[in-house]
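Structural overview for review
Below, each chain spelled out in residue letters.
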Amino acid sequence: MSEHQYFGRTYRDSERFNTPYLCKIPFTGFYIGPQGHIVLCCMAQGLHLGHINDIDDLEEFYNSPVMEKYRKQLEDKKYETMNPCNLCYKKECVQKLWPFKKSIGAQYFDNFDSDWFARKEGKKVPLRYLEYTLSNICNADCATCRSEWSSKWEKLDRKFGRKVSPMVKIEDKNIAKIEKILYGLEHMTIKGGEPFADIRNIRVLKKLSEVNPKCYTTIISNFHVITPEAMNIIKKLGKINCCASVDAVTNETYKWIRGGDLTKTTDNMKRYFQETGKRVTVNVFTSLYNFFLLDKIKDYFEDKDYIRTVNFNNYAINPIYISPSLLPEYIFNKQMEKLETAFLHKNKAGGLNVIGTGWEDLGLPEENRKEMFFKEMDKMNKHRGFDLCDYIPELKDWKNGTL
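Describing the overall build of the chain
Scanning the chain from N- to C-terminus turns up 16 helices and 12 strands. Every one of the 403 residues in the chain was classed for burial, and the buried ones make up 57%.

Some points on the pairing of strand E11 (residues 307-315)
Note: strand E10 (residues 280-286) against E11, six bridges, orientation parallel. Counterpart to Phe-285 in the pairing with E11 is Asn-314. Running through helix H12 (residues 294-301), the crossover from E10 to the neighbouring parallel element E11 is right-handed.

Overview of the nonpolar core
Most often, soluble globular proteins have nonpolar side chains that are buried together. Counting residues in each nonpolar core, the largest one holds 115 residues, and the members touching the most others are Phe-30, Ile-32, Met-188 and Phe-301. Residues in contact with Ile-32, not counting those within four places in the same chain, are His-37, Ile-38, Ile-52, Leu-58, Leu-130, Glu-131, Tyr-132, Thr-133, Ile-170 and Ile-178.

Some points on empty space enclosed by the protein
Any space left empty among the atoms is revealed by the rolling of a water-sized probe across them. Within the structure shown, the criterion is met by three cavities of 30 Å³ or more. By volume, the second largest cavity is sized at about 80 Å³. Lining of the second largest cavity is provided by Phe-27, Tyr-62, Arg-71, Phe-112, Asp-115, Trp-116, Arg-119 and Val-125. Counting residues per element, the lining of the second largest cavity draws most heavily on helix H5 (residues 112-120), which supplies four residues. Here the residues of the lining of the second largest cavity sort into five nonpolar, no polar and three charged.

Focus: the packing of aromatic side chains
Summed over the entire model, instances satisfying the criterion amount to 16 aromatic pairs. Plain terms: the ring middles of Phe-291 and Phe-292 are 5.5 Å apart, the flat faces sit at 70° to each other, and that makes the pair edge-to-face. Of the two residues, Phe-291 and Phe-292, neither departs from the other in class, the shared state being buried. Measuring from ring centre to ring centre gives 5.3 Å for Phe-374 and Trp-398, while their planes differ by 45°; the resulting arrangement is tilted.

As for the pattern of salt bridges
Counting across every chain of the model gives 28 salt bridges. Across the pair Lys-124 and Glu-60 runs a salt bridge whose closest N-O atoms are separated by 2.6 Å. Of this pair, Lys-124 sits in the loop between H5 and strand E6 (129-132) while Glu-60 sits in helix H1 (residues 58-62), and the two are 64 residues apart along the sequence. One salt bridge connects Lys-382 with Asp-378, and the closest N-O pair in it is separated by 3.5 Å. You can see Lys-382 and its partner Asp-378 sitting in helix H15 (residues 366-384), four residues apart, about one turn around the helix. Relative accessible area serves as the criterion here: at 66%, Lys-382 is assigned to the exposed category. A residue is classified by how much of its surface remains accessible, and Asp-378, at 33% relative accessible area, is partly exposed. Among the charged side chains, a salt-bridge network with shared partners connects Glu-68, Arg-71, Glu-75, Arg-119 and Lys-120.

Parameters and conventions
Per chain, residue numbering runs from 1 following the sequence as it is written. Local features in this predicted model are restricted to residues whose pLDDT is 70 or higher, and side-chain atom pairs enter the listing and the counts only when it is 80 or higher, whereas totals over whole chains, interfaces and linings include all residues. To obtain the side-chain values, all non-hydrogen atoms of the structure were included, while hydrogens and water were left out. For the purposes of this entry, the term helix denotes a DSSP run of H or I that reaches at least four residues, the term strand denotes a run of E that reaches at least two, and both are numbered from the N terminus. Buried, partly exposed and exposed residues are distinguished by accessible area as a fraction of the type maximum, computed with a 1.4 Å probe on protein chains only: under 20%, between the cut-offs, and over 50%, respectively. Two strands qualify as a pair provided that DSSP identifies no fewer than 2 bridges between them. Handedness of a crossover is defined as follows: orient the strands so they point away from the viewer, and if the path from the first strand over the helix to the second runs clockwise, the crossover is right-handed. Here, the term nonpolar core denotes a set of buried Ala, Val, Leu, Ile, Met, Phe, Trp, Tyr and Cys residues that are joined through side-chain atoms within 4.5 Å. Note on contacts: a residue pair is in contact if any heavy atoms of the two residues lie within 4.5 Å. With a 1 Å grid spanning the protein atoms alone, the term cavity applies to any set of points in which a 1.4 Å probe fits but cannot get out, the term pocket to an open set with protein on both sides within 12 Å along at least five of seven lines, and the term lining residue to any residue with an atom within 4 Å of a point. Grid points are joined across faces, edges and corners, and a volume is the space filled by probe spheres set on the points. Residue polarity is assigned by list, with Asp, Glu, Lys and Arg as charged and Ala, Val, Leu, Ile, Met, Phe, Trp, Tyr, Cys and Pro as nonpolar; anything else, Gly included, falls into the polar class. Within 6.5 Å between ring centres, the rings of Phe, Tyr and Trp (the latter by its six-membered ring) count as paired, and their orientation is classed by plane angle as stacked under 30 degrees, edge-to-face over 60, tilted in between. The working definition used for a salt bridge is a side-chain nitrogen of Lys or Arg within 4 Å of a carboxyl oxygen of Asp or Glu.

The analysis is restricted to geometry; functional conclusions fall outside its scope.
Below is the structure:
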C-alpha cells in the first residue's frame, strides 16, 4: 500500500475520502451557474464544461468523459498543476484558502466508496452533490456586490459608471433537468442572487422534499424575506442549514453595507428557528467596510439561542476597491492583532479565515489605495444618504490621516 506526504502528514492511498489531493467535488457532483454553465465548482467558473441547454440528462453528463478527465487527473496526483484546481492548491499553500477538499466532509457522503468502485467498474452513478444558482435575481443592493451577482445592482452599476451585467437566469425548461437528479443527492447547496427571491427555488425544494427529504441542504440567503410557503417546504426537509449573510450588527452599518433592515433580518432568523427548531448559520463577508467590526459581530451573536455558528471565512479580494489590503500594512496588522485576541475564545464564532489571509501588496501607493476606496465609498454614501465613516471611526481616522 503506497503512502505519500502532503503538508507534513502521511496518507495511505486506501484513505480515499481523506486523501488530500482528491478534491471531493468532481467525484460527487458539480456546480451550475445562473447563465446555465456547468463547471467543476464555484472556484472554477471560468472553465465551462458544458451548458444545461445542450445537455438532456445531467446524470449522463456527470458520468461522461468530460468529468472523468478531471477525476483521472486528481487520481494521478496532478492537483498542484492541473487547471483550474491549482488555483486552490496555491492558495492553500500560503494559507489563503481553507481547502475545498475539506469543505464538504465525509459526514455528507455515505456512498463515496461504493460510487468509487462502481465508477471503476464502468457503472453509472448518481450525483451526490449539487451546487446551483438559478439566477442573479436579488432583493438587496449590498455595498460589496455588483450586477453580475445581483439584479438589483444593474441600475447602480450604470449610475456609478461601472460594468453593467444584465439579469440572467436558467431557463424554466431546464429546471426539470435539475429535478431529475435530486433523487440521489446527499448534499445540495442553493445560492443566488437571493434564493428566496427567485420563487423557482421553492419548486426545486418542494420536489426535493417529495423524492429525497433526507438530502443535506444548504441555502445561502440574506434572510430579508422568507415567505410562509418557503417556510412550510423547509420544514419538510430533515437536514437543512439555512445560512444568513450578515456583515454588520447596528442598524446604520447593516443598512449601509447590506441595504436592508437589521431588525427585520434577525426577526426572520428567530422565526426560522422557532418554526423549524434549527439554528441559523451566519456567514460574514469581510471587506474594508466591516473590517473594524468583526469582533462586534462575533459578540452580538454570542448569546443568541437561534444562532448555530458564525463563519468569517469569506474575504474580499474582488472587487479590489473593497479589500482590507487597501489599508497600510501596519494598520492592517494592528487590527489583526486585536481580532486574534478577540477570537481566542471564539465559542460560536467559526474560523476567522481573514487572519490566515494576511495583508496583500496590491502594487499601489497608499495614497492611490486610499483615494480609490473613498471615491467608491462616497458613491454608496450618496446612494444610502449618509456617510459610513460617521459610524466607523477607524475609517474616518484613516481618511483624515490620524489612524
